[in-house]
Amino acid sequence: MTDLISSTPALAAAATHPDPAFPRFHPRPAQGWINDPNGISYINGRYHVFFQFNPESARHHRIHWGHVSSPDLVHWDEHPVALRPEDGGPDEFGCWTGVVTDDGGVPTAAYSGVRGDGGHSQVVISRGSADLVTWEQDGHIAASMPGDGLVTAVRDPFIFHFNGKRYAMQGAGLANGHAALLLYTVEDMSAWKYQGIWLTTENPVAATHTPAEIWECPQLVQVPAERVPADGVAADGVAADGMPAEGADTWVMMFSLWLSGDDHEHANGVGHLIGSLAEDPSTGLPVFVPRSGGRSDLGRDFYAPQIVQLDSASGAGSTPRALLWGWANEGPGRDGRRGRSQDEIDAAGWAGVLTHPRFLSVEDGALVVAPAPEIEAYRGPVLAGGASGSVVLPPFAEAVVKAGTVGGTGEVRLVLASGTEQQVVFAGALSEGEELRIFIDASLVEVYRKGSVATTLRAYPALGEEWILELPQGAAADVWELKLPE
C-alpha cells in the first residue's frame, strides 16, 4: 500500500479525444463503460469519486471501480482501477455500488459483491491506503442476505451517522412487490447487525413520490433548509402546515427507482423524500418520517446518484452540506432526441458520464439542486452579455438565462440545428424573475433552474449541426465558452 498519489490529469487528455461527443469538463477514463458514482468521499483534503467501470469495453459487464480525485472540484486526476472482481471471491461477478468511509483513520469501502455463480449480493469490505489509490481485497463479507423470507432482493449499501452512531442501509425488494430499505447498526465495519425492514412503499408518502419494485442506490443526508412559516412553529421545529421550519433538522432520502425490464431505461428515474430523523426511545434506532418528496432530476438520462455528507450531521452549530454526483447514460434516443445505437457506442469505445457536482438544499419544503460554485472556474471567454433572440453556442458552453422583471416569460429552447432541420434537446418555461443555468459539454447537457431540481440530458451533435439557444421575448443570456483553468 502507498501513501503517494499515483495519477494522470483527467481533463487535459479529454481535449484530444477522437470522439467529438466526448465530454471535456466531466472527468472519466478515455475508454470503457462507466455508470453509478460510488465511494464519494472527502478524505485528507481531496474529493474522491469512484464509479462503476468496465475498462474492457463500452458495455455493462464485469464491473470494476474506477477512481478520480480532486483537491478543489476543478482539477481532476485519474487513478488506477481501485477495485476489481476477484476470481473465486464474493465479488467475482462484479464490484457493484457502495460507499467509502473513514473507519478509524483507514479508508474503507463497503460495496455490493456478487459471486460468479450468481446468487444475492453481499456487502464486501475492502481497506485502502491513505491516498485511497491502493486497496486490499480479501473478500471479507460484512453482511449477507437477511434471513427474512419477505426480502427477495438486496443491494447498494449506504452509511450514515446519527446522534453519534454509525448506521447503514441497503435497498431491497420484497415478495409482496414493495420496494424497501433495510437498516443495520455498524459498530464494527467488518460485522453489520441487521435490524430489519426500515421503510417501504407501503408508506403513502413514499408510494406517491418514490414508486419502484426495488429502491436502488439509497441515500440519506442532512441538508440546509430555509423556510419562513406563515402560521408559527411548533416545539419540534415543524411549521403548522407540517413542513420543517427554518433551522429545523431536514433530511433527504433519495432512491433510484428500479422496475423489472428497465434495461438501463429507468422510466421512473430518481425520486426523493424530505423528512425528519429521530431516535425511537424504545429501541434507540433512528426513525425516518417522510413529509414530502418529488423527482430529483427532470431529465430522462439521469440515474444512480450518490451523495456525500460533507459536514457532520450531528455537529453542534454546524451547517450540514451534501454534495451529489449522478450518472448520465448513453441511450438509443429518449423523448424524441437522437441517441446512439449499441453499434455506435461500441465503435466509440466509451459509454457514460458523471454529472457536475451538485449541492442540495431544501427551500420552502422542496428540494433545490445547484451546481457547485467551484465549477465557475471553467468559464473562459465571454461570448455574449445580455443576448436576446437566438444565440449560437459553442460545443462547450455555459449560459445563464434570466427572465425580465416585467415580461420575458415564455419558453426557453435549446436545439441542435442544421439549415432548416432542428432537434429540440431542452424546452422549459421561463417565468418572470426566473433564472436558468445551462451547461453544454459535447454530448452532455445540464440545466439548473434556480430554486428547483436539475434536468440532465444527452444529445449527440451530427456533422454540421450547431447548438442554438432560443429565448423568449424579454429574456436575456450571458454566455461563456468553457476552458480549462491553468
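Right above here is the structure, for reference.
This is a predicted model, so every value here is computed, not measured.

So, how was this worked out
Residue numbers run consecutively from 1 along every chain, following the written order of its sequence. Residue-level local features of this predicted model are given only where pLDDT is at least 70; pairs of side-chain atoms are given and counted only at 80 or more, and the full residue set underlies all totals for whole chains, interfaces and linings. Note that the side-chain values use all heavy atoms of the structure and ignore hydrogens as well as water. Secondary structure elements follow DSSP: runs of H or I no shorter than four residues count as helices, runs of E no shorter than two count as strands, and numbering proceeds from the N terminus. Atoms counted for the radius of gyration: C-alpha only. Globule rule: 2.2 Å times residue count to the power 0.38. Working definition: with a 1.4 Å probe on protein chains only, accessible area under 20% of the residue-type maximum means buried, over 50% means exposed, and in between means partly exposed. Note on definitions: a residue-residue contact is assigned when non-hydrogen atoms from the two residues lie within 4.5 Å. Accessibility throughout is a Shrake-Rupley quantity obtained with a 1.4 Å probe, and a residue counts as covered only by protein chains that appear here. The charged-residue count follows a simple rule in which Lys and Arg add positive charge and Asp and Glu add negative charge, with His and chain termini not counted at all. The location of each charge is read from NZ of Lys, CZ of Arg, CG of Asp or CD of Glu. Note on aromatic pairs: the rings of Phe, Tyr and Trp (six-membered ring only in Trp) are paired at centre separations within 6.5 Å, and the planes decide the class, stacked below 30 degrees, edge-to-face beyond 60, tilted for the rest. In this description, a disulfide is simply a cysteine sulfur pair whose atoms lie within 2.5 Å. Strand pairing follows a simple DSSP-based rule, namely that at least 2 bridges must link the two strands. Note on method: axes are straight lines fitted to C-alpha atoms, helices fitted across the in-contact stretch only, with angles between N-to-C directions ranging 0 to 180 degrees. Using a grid of 1 Å spacing that covers the protein atoms alone, one calls a set of points a cavity when a 1.4 Å probe fits there but cannot get out, and a pocket when the set is open and has protein on both sides within 12 Å along at least five of seven lines; lining residues are those with an atom within 4 Å of a point. Grid points are joined across faces, edges and corners, and a volume is the space filled by probe spheres set on the points. Contacts described as polar in this section are N or O atom pairs within 3.5 Å, which, within protein, must combine one atom able to donate a hydrogen with one able to accept it, while residues neighboring in sequence count only if both atoms come from side chains. Here a salt bridge means any side-chain nitrogen of Lys or Arg lying within 4 Å of a carboxyl oxygen belonging to Asp or Glu. As used here, the term nonpolar core means buried Ala, Val, Leu, Ile, Met, Phe, Trp, Tyr and Cys residues forming a set that is joined through side-chain atoms within 4.5 Å.

Draft legend 1. Quick peek at the overall build of the protein chain. On a plain count of helices and strands, the protein chain comes out with 2 helices and 34 strands. In terms of overall size, the protein chain behaves like a compact globule, its C-alpha atoms giving a radius of gyration of 22 Å where 486 residues would be expected to give roughly 23 Å. A principal-axis box enclosing the C-alpha atoms of the protein chain has dimensions of 65 × 60 × 45 Å. Taking all 486 residues of the protein chain together, 57% fall into the buried category. Of all intrachain contacts in the protein chain linking residues separated by at least 6 positions in sequence, the fraction that spans at least 24 positions is 62%. Total accessible area on the protein chain is roughly 18,700 Å²; 50% of this is exposed by carbon and sulfur atoms. Positive and negative side-chain charges of the protein chain, numbering 30 and 61 respectively, have mean locations separated by a distance of 2 Å.

Draft legend 2. Representation of the packing of aromatic side chains within the structure. In total, this model carries 18 aromatic pairs according to the counting rule given. With a centroid separation of 6.0 Å and an interplanar angle of 40 degrees, the aromatic rings of phenylalanine 93 and tryptophan 96 are classed as tilted. Given a relative accessible area of 15%, tryptophan 96 falls into the buried group. Relative to phenylalanine 255, the ring of tryptophan 215 lies with its centre 4.0 Å away and its plane at 10 degrees, an arrangement referred to as stacked. Placement of the pair is tryptophan 215 in strand 14 (residues 214–223) and phenylalanine 255 in strand 16 (residues 250–258), with a sequence separation of 40 residues.

Draft legend 3. Fine view of the environment of proline 485. Its location among the elements puts proline 485 in the segment after strand 34 (476–482). Classification of proline 485 as partly exposed rests on a relative accessible area of 29%. Once residues lying within four places of it in the same chain are set aside, the contact partners of proline 485 are Val74, His75, Ala377 and Tyr378.

Draft legend 4. Region of the structure containing the state of the cysteines. Under the counting rule described, the total for this entry stands at 0 disulfides. In this structure cysteine 95 is not part of a disulfide, and its nearest cysteine sulfur, from cysteine 217, lies 15 Å away. Looking at cysteine 95, the relative accessible area reads 0%, which means it is buried. According to the relative accessible area criterion, cysteine 217 is buried, its value standing at 4%.

Draft legend 5. Local environment of the sheet that holds strand 30 (residues 435–441). The antiparallel open sheet is built from 6 strands, whose spatial order is 25-34-27-30-31-32. With partners counted over all chains shown, the strands left at the sheet margins are strand 25 (379–387) and strand 32 (454–458), one partner each. Strand-to-strand twist of the sheet, defined as the mean angle between neighbouring strand axes without regard to direction, takes the value 15 degrees. Here 6 bridges tie strand 27 (residues 396–402) to strand 34, and the two strands are oriented antiparallel to one another. Note on strand 34: the bridge partner recorded for valine 400 is aspartate 478.

Draft legend 6. Here's a closer look at empty space enclosed by the protein. Under the criterion given, the structure shown has 3 cavities of 30 Å³ or more. Of the volumes computed, that of the largest cavity is approximately 90 Å³. Together, 13 residues line the largest cavity, and His26, Pro27, Trp76, Trp325 and Thr355 are the ones closest to its centre. Computed from the structure, the second largest cavity encloses a volume of approximately 40 Å³. Taken together, Asp301, Glu330, Gly331, Gly333, Arg334, Arg337, Arg338, Gly339, Arg458 and Tyr460 make up the full set of residues lining the second largest cavity.

Draft legend 7. Looking closely at the environment of aspartate 138. Here aspartate 138 is to be found in strand 9 (residues 135–143). Residue classification places aspartate 138 among the exposed residues on the basis of a relative accessible area of 62%. With 121 residues separating them in the primary sequence, aspartate 138 and leucine 259 have C-alpha atoms 33 Å apart. Here the side chain of aspartate 138 touches histidine 140 through a polar contact of 3.1 Å, landing on its backbone nitrogen.

Draft legend 8. Structural detail: the pattern of salt bridges. Under the defined criterion, the tally for this structure stands at 22 salt bridges. A salt bridge links arginine 413 to glutamate 470; the shortest N-O distance between them is 2.9 Å. Taken together, the residues arginine 413 in strand 28 (residues 410–418) and glutamate 470 in strand 33 (residues 466–470) connect sequence positions 57 residues apart.

Draft legend 9. A look at the side chain of aspartate 297. Tracing the sequence through the fold places aspartate 297 in the loop between strand 18 (286–295) and strand 19 (302–309). Reaching out from aspartate 297, the side chain makes a polar contact with the side chain of threonine 456 at a distance of 2.8 Å. For aspartate 297, the contacting residues outside a window of four places in its chain are Val270, Phe302, Arg358, Val453, Ala454, Thr455 and Thr456.

Draft legend 10. Region of interest: the nonpolar core. Counting residues in each nonpolar core, the largest one holds 96 residues, and the members touching the most others are Phe160, Trp192, Trp198 and Leu220. If one sorts the elements of this core by residue count, strand 12 (residues 179–188) sits on top with 7 residues. Contacts of leucine 220, omitting those with residues within four sequence positions, involve Phe158, Phe160, Met169, Trp198, Trp251, Val252, Met253, Leu277 and Phe288.

Draft legend 11. Molecular detail of the sheet that holds strand 9. Reading across from one edge, 6-7-8-9 is the order of the 4 strands in this open sheet, with antiparallel pairing throughout. Edge strands, defined here as strands with exactly one partner in the open sheet, are strand 6 (94–103) and strand 9. Recorded for the sheet is a direction-independent mean angle of 30 degrees between the axes of neighbouring strands. As defined by bridge partners, strand 8 (residues 118–128) adjoins strand 9 across 5 bridges and the pair is classed as antiparallel. Bridging from a neighbouring strand, arginine 127 pairs with glutamate 136 of strand 9.

Nothing here speaks to function; it is geometry throughout.
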